[in-house]
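# Coordinate inspection notes
What follows is each chain in one-letter form.
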Amino acid sequence: MKPLLIVMSAPSGAGKSTLCDLLLQEFPEITYSISCTTRAPRGEEEDGVDYFFLSPGEFERWVAEGRLLEHATVHGNRYGTPAGPVREAFAEGQSVLMDIDVVGAAAVRRYVEALPAGDPLREGFVDIFIEPPSVAELRRRLEGRGEDSPESIETRLKNAEGELARAHEFAYRVVNDDLRMAYNRLRDILLVKGGEL
Ligand code: 5GP
């Protein structure tokens, strides 16, 4: 597959993490971009695996040092994509998968569009929005996973409205009603874009 810069966004609870995990299992040539964040680790999350967990001061230093390709505030916490690993993976012919919010996705879109035609990052850019079947289903899923406090669930649902309103900015939209069907659609998009179909 030609190297792809895959950007996936979704409201929290749409099933994006599961879809990302399935992709990473099937395609070893895709590297997951580990973001940094100021939020506290959840459940089994590990520093350097799921996220780089930074203090607000450290995060600001990374921004000031130009170490982030994009950054945004999501649900009251700071999140950002370290630029180095993305460039290194691409230089090695790997694809990169970024699981970021709609603001970060727009920043990456602007970044690649400013690159000269023919630049591999620009050529390989593909942005996909994962949609839940409905907001009611999103609430059911967030409550069912039991990871977030009731306040956090309300914040995430409120933010979901804003994120859903920006779904049209993405080149591709995949509704995650049935996981297997959503995965197959996602896979087809990447295989076509990567020149395999
Ligand atoms: P969570 O706290 O549930 O892991 O992630 C919350 C939101 O932050 C998700 O929508 C996720 O895609 C987004 N996010 C995670 N990493 C980044 C990042 O590096 N940049 C941006 N802009 N958003 C991120």
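Anyway, here's the lowdown on the structure attached to this text. (Residues numbered from 1 in each chain as written. Predicted model: local features only at pLDDT ≥ 70, side-chain atom pairs only at ≥ 80, totals over all residues. Heavy atoms only, no water.)

As a structural note, the neighbourhood of the ligand is formed by 17 residues, with Ser35, Arg39, Tyr51, Tyr79 and Asp101 the closest of them. Separating an oxygen atom of the ligand from a side-chain N or O atom of Asp99 is a distance of 2.7 Å. For the ligand, whose free accessible area comes to 510 Å², the fraction covered by protein is 94%. At the level of secondary structure, the elements contributing two or more residues to the shell around the ligand comprise β5 (68-74) and β6 (77-82). Residues that form the shell around the ligand fall into these classes: five nonpolar, five polar and seven charged. (Near = heavy atom within 4 Å. Polar contact = N/O pair within 3.5 Å; in protein donor to acceptor, adjacent residues only side chain to side chain. Areas by Shrake-Rupley, 256 points an atom, 1.4 Å probe, with all protein chains shown as cover. Helix = DSSP H or I, 4+ residues; strand = E, 2+ residues; numbered from the N terminus. Nonpolar A, V, L, I, M, F, W, Y, C, P; charged D, E, K, R; others polar.)

A word on the sheet that holds β5. The four strands are arranged β4-β3-β6-β5 in an open sheet whose pairing can be described as mixed. Only two strands of the sheet have a single neighbouring strand rather than two, namely β4 (51-53) and β5. Averaged over all pairs of adjacent strands, the angle between strand axes in this sheet comes to 25 degrees, irrespective of strand direction. Note: strand β3 (residues 35-37) against β4, three bridges, orientation parallel. The residue of β4 that forms the bridge with Thr37 is Phe53. Across the face of the sheet, helix α2 (residues 56-64) comes into contact with β3, β4, β5 and β6 while running at roughly 40 degrees to β6. Here helix α3 (residues 83-91) sits on the sheet in contact with β5 and β6, set at roughly 30 degrees to β6. (Pairing = 2+ DSSP bridges. Axes fitted to C-alpha atoms, helices over the stretch in contact; angles between N-to-C directions. Contact = heavy atoms within 4.5 Å.)

Right, let's talk about the packing of helix α1 (residues 16-26) against helix α8 (residues 179-193) for a bit. The contact between α1 and α8 brings their axes to 10 Å, and the two run at 55 degrees. The pairing of α1 with α8 is recorded here as oblique in orientation. Of the two possible hands of crossing, α1 and α8 adopt the one that is right-handed. Residue-level inspection shows Thr18, Leu19, Leu22, Leu23 and Glu26 of α1 in contact with α8, the latter providing Leu179, Arg180, Ala182, Tyr183, Leu186, Arg187 and Leu190. (Parallel < 35°, antiparallel > 145°, perpendicular 65-115°, else oblique. Left-handed = near helix turned anticlockwise from the far one by under 90°.)

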